[in-house]
Amino acid sequence: SPNLANLYAACGISSDGRRVLGYSVGAGGGLTQLAGAPFMSPGQSPSNVYVSRDGKHLFVGHGTDATVRVLAIDQLSG
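Residues numbered from 1 in each chain as written. Predicted model: local features only at pLDDT ≥ 70, side-chain atom pairs only at ≥ 80, totals over all residues. Heavy atoms only, no water.

1. Some points on the pattern of salt bridges
What counts here: Salt bridge, as used here, is a side-chain nitrogen of Lys or Arg placed within 4 Å of a carboxyl oxygen of Asp or Glu. For each residue, the accessible area found with a 1.4 Å probe, counting protein chains only, is set against the maximum for its type, and the residue is called buried under 20%, exposed over 50%, and partly exposed in between.
Under the definition given, this model contains two salt bridges. The partner of R19 in a salt bridge is D16, and the shortest N-O contact between them spans 3.3 Å. A residue is classified by how much of its surface remains accessible, and D16, at 37% relative accessible area, is partly exposed. For D65, the salt bridge goes to R69, with nearest N and O atoms at 3.8 Å. For R69, a relative accessible area of 26% translates into the label partly exposed.

Have a look at this one:
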């Protein structure tokens, strides 16, 4: 994320092919899984992620269905 507080990763075809990982980044660089993670994306085979500059949205690119889905970050753990 732009503020370096969170890290997101796409899981591709692993497991059910819809998961996006989310971690908080500690002061020493350690990772702690975010509440509600892994998150489910409505697309198939998430292959890349991008956090918007304002840190409010996660753009998830998908390989299998060639789509980009936009997820509201404040609703991921909801």
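2. Brief notes about the pairing of strand β2 (residues 19-25)
The cut-off we apply is this: Pairing between strands requires that DSSP locate at least two bridges from one strand to the other. Helix numbers and strand numbers start at the N terminus; a helix is a DSSP run of H or I with at least 4 residues, a strand a run of E with at least 2.
In the sheet, strand β1 (residues 6-10) pairs with β2 via five bridges, with the strands oriented antiparallel. Among the inter-strand pairings, Y8 is bridged to a residue of β2, identified as G22. Summarising the sheet, β2 and strand β4 (residues 39-40) pair through two bridges and their orientation is antiparallel. Along β4, the bridge assignment pairs R19 with M40. Strand direction decides the pairing type here: β2 and strand β3 (residues 31-33), joined by three bridges, are antiparallel. Bridge pairing in β3 places V25 opposite L31. Where β2 folds back onto β3 in an antiparallel hairpin, the turn is made up of five residues, including G29, whose phi is positive at roughly 95°.

3. Description of a nonpolar patch on the surface
Just so we agree on the cut-off: Only residues whose relative accessible area exceeds 30% and that take part in no salt bridge are eligible for patches, with like-charged residues grouped when within 9 Å of each other and nonpolar side chains (Val, Leu, Ile, Met, Phe, Trp, Tyr) grouped when within 5 Å. Using a 1.4 Å probe, the Shrake-Rupley method yields the accessible areas, and only the shown protein chains count as cover for residues.
Taken together, L7, V25 and L31 make up a surface patch of nonpolar side chains, about 230 Å² in accessible area. Topologically, L7 is positioned in strand β1. According to the relative accessible area criterion, L7 is partly exposed, its value standing at 41%.

4. Quick look at the side chain of S45
Note the following rule: Throughout, a contact is declared for two residues whenever any of their heavy atoms are within 4.5 Å.
Of note, S45 is situated in the loop between β4 and β5 (46-51). When near neighbours in sequence (up to four residues on either side) are disregarded, S45 contacts G12, I13, G17, G61, H62, G63 and T64.

5. Observations regarding the side chain of S52
We count it as follows: Counted as a polar contact is a pair of N or O atoms within 3.5 Å, where, for protein atoms, one must be capable of donating a hydrogen and the other of accepting one, and residues adjacent in sequence contribute only when both atoms are in side chains.
Among the structural elements, S52 can be located in the loop between β5 and β6 (57-62). The class for S52 is buried, based on a relative accessible area of 10%. Side-chain polar atoms of S52 contact the side chain of D54, separated by 2.6 Å. Separated by 3.3 Å, the side chain of S52 and the backbone nitrogen of K56 make a polar contact. Setting aside its immediate chain neighbours within four residues, S52 contacts P2, H57 and F59.

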